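Summary of the model geometry
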Amino acid sequence: MSGSSTEQALRRTLGFRDLVVYGLLFIAPMAPVGVFGTLDAKSGGAVALVYVVATVVMAFTAFSYAQMVRVAPQAGSVFAYARKGLGEGPGFIAGWMAMLDYLLIPAVAYLFSGIAMNALVPEVSRWVWTTIAVVVTTLLNLRGVRAAARVGFAVLAMEIAVLLVFVVSAVVVLVRDGAQRGWLSPLTGDSGFSATAVVGAVSVAVLSYLGFDAIASFAEEVTGGSAKVARAVLFCLVMAGALFVVQSYLAALLEPVSSTELAADPQAQGSAFYDAVDASVGSWLHDLVAVSKAIGAAFAALAGQAAAGRLLFAMARERRLPSFLARVGAGSGVPRPAICCAAVVTLVAAVWAARRDDGLDHLVSVVNVGALTAFVLLHASVVGWFAVRRMEGPPVWWRHVVLPVVGAAVLVAVILEATATAQVVGLCWLGVGLVVLAAQWGRRPGPGGPDGGFVGPGQEPRTR
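Bear in mind that the values here come from a model prediction, so they are computed numbers and not experimental data.

Bringing unusual backbone geometry into the picture now. Keep in mind that most residues, glycine aside, have a negative phi and that most peptide bonds are trans. We note that R319 has phi near 60°; this positive angle belongs to a residue other than glycine. On the secondary structure map, R319 appears in the loop between α14 (283-317) and α15 (336-354). Even without glycine at this site, R390 takes up a positive phi of about 50°. Within the secondary structure, R390 sits in the loop between α17 (367-388) and α18 (397-416).

The next point concerns the environment of F16. Turning to its location among the elements, F16 is positioned in helix α1 (residues 16-27). Of the residues examined, F16 reaches a relative accessible area of 29% and is grouped as partly exposed. Separated by 206 residues in sequence, F16 and V222 have C-alpha atoms that sit 8.0 Å apart.

Confidence along the protein averages 81 in pLDDT terms, with 89% of residues attaining 70 or more. The secondary-structure element of the protein with the lowest mean pLDDT is helix α16 (residues 359-364), recorded at 66, while helix α8 (residues 185-188) shows the highest, at 92. Contacts from residues 1-6, a stretch scored under 50 in pLDDT, to residues over four places away or in other chains number twelve contacts. The low-confidence segment residues 444-464 (pLDDT under 50) makes 50 contacts with residues lying over four places distant or belonging to another chain.

To continue, consider the packing of aromatic side chains. Within this structure, the stated rule accounts for twelve aromatic pairs. Centroid distance W96 to W429: 4.5 Å. Interplanar angle 15°. Geometry classified as stacked. Remark: W429 occurs in helix α19 (residues 420-440) and W96 occurs in helix α5 (residues 88-120); sequence separation between them is 333 residues. According to the relative accessible area criterion, W96 is buried, its value standing at 9%. A network of ring pairs unites the aromatic residues F36, F166, F273 and Y274 as a single cluster.

What follows is about the packing of helix α3 (residues 47-71) against α18. Interhelical geometry of α3 versus α18 gives an angle of 135° and a closest axis separation of 9 Å. In terms of orientation, α3 lies oblique with respect to α18. Considering only the axes of α3 and α18, their crossing is left-handed. Contacts between α3 and α18 pair V57, F60, T61, F63, S64 and Q67 from the former with W398, R399, H400, L403, P404, V406, G407, V410 and L411 from the latter. Classifying every residue of the contact of α3 with α18 by side-chain character gives nine nonpolar, five polar and one charged.

Basis of the calculations
- Residues numbered from 1 in each chain as written.
- Predicted model: local features only at pLDDT ≥ 70, side-chain atom pairs only at ≥ 80, totals over all residues.
- Heavy atoms only, no water.
- Helix = DSSP H or I, 4+ residues; strand = E, 2+ residues; numbered from the N terminus.
- Buried < 20%, exposed > 50% of the residue type's maximum accessible area, 1.4 Å probe, protein only.
- pLDDT = per-residue confidence, 0-100.
- Contact = heavy atoms within 4.5 Å.
- Phe/Tyr/Trp six-rings, centres within 6.5 Å; stacked < 30°, edge-to-face > 60°.
- Axes fitted to C-alpha atoms, helices over the stretch in contact; angles between N-to-C directions.
- Parallel < 35°, antiparallel > 145°, perpendicular 65-115°, else oblique.
- Left-handed = near helix turned anticlockwise from the far one by under 90°.
- Nonpolar A, V, L, I, M, F, W, Y, C, P; charged D, E, K, R; others polar.

What follows is the structure, encoded as structure tokens:
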């Protein structure tokens, strides 16, 4: 089927660098800035160790993504993988839960951008800045994936340059004046080590990594095959983990306030990173980091919005969402209706939160549950495809069973450590998804035609 907006095939124009740009943009190289104080307080000062552990935790998920992207190199990411490994029903639920994450994480990023710009230009309300960020990045996404990637590369280079300025400045101060805390305290704690405290902080730190998985959403737009996507997923996780550990280690050494004092003063936790920079380096670096975060957050949302659009497109193409979302613009090669739909949802959520004093807390409290639940189903898909169904011969047990099972168990533990609000919202969203799934059962035609039918859990979807 042809036409300006009716084709259901995406255009292959992305290379390895483009995938890395999208992944690192979504993660944001300086993601720890906003949660540094919280993690420092929760972990008893072992904030760098928290990021080491969090990187290992997310490595299990990255490895499962690398396994499944070769099996199903399609837009939709975990939705496509769970359909292959577990069947249509679990596949829909995986996509449905991931949708909660993909639609709300950009809203959080847009709100971060609006808050940062409002701090720099307080005469303009933060909801206005938030709206401007949504409009600008949506227009870039609608122009095409390559155009957005080129602009994103420039923004990413700016963020990394600012991070390097911070690293060099911090090292200079530490060599000249010494550390405020013990040199090993970011790994051992500044008031005694507590494994329980570190694990509790990890449940918050994983929020910094959400987004590396969005790379898999562009699998149909990559030149050179799915192996390139797998390498990009793993590369982004390792790169982000290294950046997070380095900057949190240096910030902890510069922090003049102990983790115990931060824990006793929750209001000081949000600005702890900036306060440490102000006290040790100077306000000029504070302002530079703030500007970088304002711009970087908007373009993190750009990458998130693009990934959300691909997820909606993939689910609509398989007739699990309204079919108009599966249309692709002939000129741009991107799923414009799906991107616009994602933009509207994130705009409403971001502006609503920007107009409330507690809006950020409400958004942040729920964004991780959807993603982590989808990740659990991703691990199950690896076991289902390779070990249970043995679609590619005898499984390699450590790769296809042990690592996914351990990864899923760790994620379940993290979900159990989430706030009660996040758990309730996640359960409610899951309940709605189950109702939608039940309404589709045996009624909606599959993509193979009107007789395609609904394929139950554990059954292979019909080929087109």
